[in-house]
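# Fold and contact review
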Amino acid sequence: MTRPFDIQGHRGARALFPENTLAGFQAAYALGVTTFELDVGLTADGLVVVAHDPALNPDITRDASGAWLRDEGPAIRSLSYADLSSYDVGRVRPGSRTSLLFPDQKPHDGDRIPTLAAVLAALPNARFTIEVKTDPTRPERTASANILTDATLAVIAATGAAGRVIVESFDWRVQRHVRQVRPDITLAWLTSAETVRNAAVWWNGTVPAGTVPEAVAAEGGPIWAPDHTELTETLVKEAHALGLLVLPWTVNRPADMRRLIDWGVDGLISDRPDLALSLPG
Ligand code: G3P
Ligand code: CA
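Numbering of residues starts from 1 in every chain and runs along the sequence as written. Naming scheme: in the order in which they are written, chains are lettered from A and ligands are numbered from 1. Owing to the predicted nature of the model, reporting of local features is limited to residues with pLDDT of at least 70; listing and counting of side-chain atom pairs is limited to 80 or more, with chain, interface and lining totals taken over all residues. Only hydrogens and water are set aside; all other atoms, that is, all heavy atoms of the structure, feed into the side-chain values.

Here the term donor refers to an N, O or S atom within 2.8 Å of the metal (or 3.2 Å for Na, K and Ca), and because water is left out of the atoms, sites may appear incomplete. At 2.1 to 2.2 Å from the calcium ion (ligand 2) lie its protein donor atoms, namely Glu37 (OE), Asp39 (OD) and Glu131 (OE). Donor residues for the calcium ion (ligand 2), ordered by position in the chain, follow E-x1-D-x91-E. Only protein chains enter the accessibility calculation, which uses a 1.4 Å probe; a residue is then buried when its area is under 20% of its type maximum, exposed when over 50%, and partly exposed in between. The exposure class of Glu37 is buried, given its relative accessible area of 2%. Overall, the relative accessible area of 0% leaves Asp39 in the buried class.

Each helix corresponds to a stretch of at least 4 residues labelled H or I by DSSP, and each strand to a stretch of at least 2 residues labelled E; elements are numbered beginning at the N terminus. Residues of helix H6 (residues 173–181) that are buried include every one of Val174, Gln175, His177 and Val178, and no others. When H6 is viewed along its axis, its buried side chains cluster within an angular range of 160 degrees and face the same direction. The contact definition used throughout considers only heavy atoms, calling two residues in contact when any of these lie within 4.5 Å. The elements touched by buried residues of H6 are strand S4 (127–132), helix H5 (145–158), strand S5 (165–169) and strand S6 (186–191). By definition, the arc is the one covered by directions from the helix axis to the C-beta atoms.

Side-chain positions along a regular strand alternate between the two faces of the sheet. The element strand S1 (residues 6–10) is largely enclosed, with a buried count of 4 among its 5 residues. Strand direction decides the pairing type here: S1 and strand S2 (residues 35–42), joined by 2 bridges, are parallel. Paired with His10 across the strands is Glu37, a residue of S2. When DSSP locates at least two bridges between a pair of strands, those strands are taken to pair.

Turning our attention to the packing of aromatic side chains. Working definition: rings of Phe, Tyr and Trp (its six-membered ring) pair if their centres are within 6.5 Å, and the pair is stacked with planes under 30 degrees apart, edge-to-face with planes over 60 apart, and tilted otherwise. Counted according to the given criterion, the structure contains 7 aromatic pairs. Between Phe170 and Trp202, the aromatic rings sit 6.4 Å apart at their centres with planes inclined by 75 degrees, giving edge-to-face as the arrangement. Highlighted residues: Phe170 in the loop between S5 and H6 and Trp202 in helix H8 (residues 199–202), separated in sequence by 32 residues. Exposure class is identical for Phe170 and Trp202. Each is buried. For the ring pair Phe170 and Trp249, a centre distance of 5.5 Å and an interplane angle of 80 degrees mean the geometry is edge-to-face. Here the residue Phe170 occupies a position in the loop between S5 and H6, and Trp249 occupies one in the loop between strand S8 (245–246) and helix H11 (254–263), the gap between them amounting to 79 residues. Each member of the pair Phe170 and Trp249 is classed as buried. Among the aromatic residues, ring-to-ring pairing joins Phe25, Phe36 and Phe128 into one connected group.

As structure tokens, this is what we get:
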């Protein structure tokens, strides 16, 4: 399988613009980023929304009065979309860990958590890797894997976006369900050191006998999305020999981007997709 090198803006372009917001995706698109990774959850009234955290994150969330949340806020699954829309996620709280990680992020006050449908509709020429954020170790935090996956697939179908999305998850029940009900949709299999260590839970009973690329290949691929800090050149070669594409996350330093490209990865998920796009050769 040959494809152009796939540079994906992580949560939009998280180091530059507020994460997982419509304005952030649009601003990154204006810089030339045409593929985005994003995360989805489900509101109490059944809307698929673009948000990384199962509950409102105090590092990026202000309430309707403009006050920063002191602690983790309500769970997204507990709020209607109207109630969720009262929160502003267009700025990082000064002094927070996120502000230290992304000092160059430009605020865009007034941003709301968008629906997936709005994002797909607003960027009809962009491609998206949609991470279904369920966690089998904390099932009470979100909708179930099947319910969130089905709701996500319904949005993809309603917006006619099936040909320009990839669905991914650390929770492999998601991809297996997609394969059953929408075998035409491209899948990526996310892994991290933690999910591999606890594979019996994250991969729902499958304890891998062999390597991680072998486990992804056994699921049918076509994309393996590993933590780039766990990746080696040998693993890239092994994955390719198994017919997989390799899409590491979240690669933000040009030296790491360069090294991974030299190893032959097929794309990168990055908070600085602009840097990845500007790498020579
Ligand atoms: O796409 C993979 C990457 O986004 C996984 O990490 O925590 O940013 O969702 P996280
Ligand atoms: Ca993600």
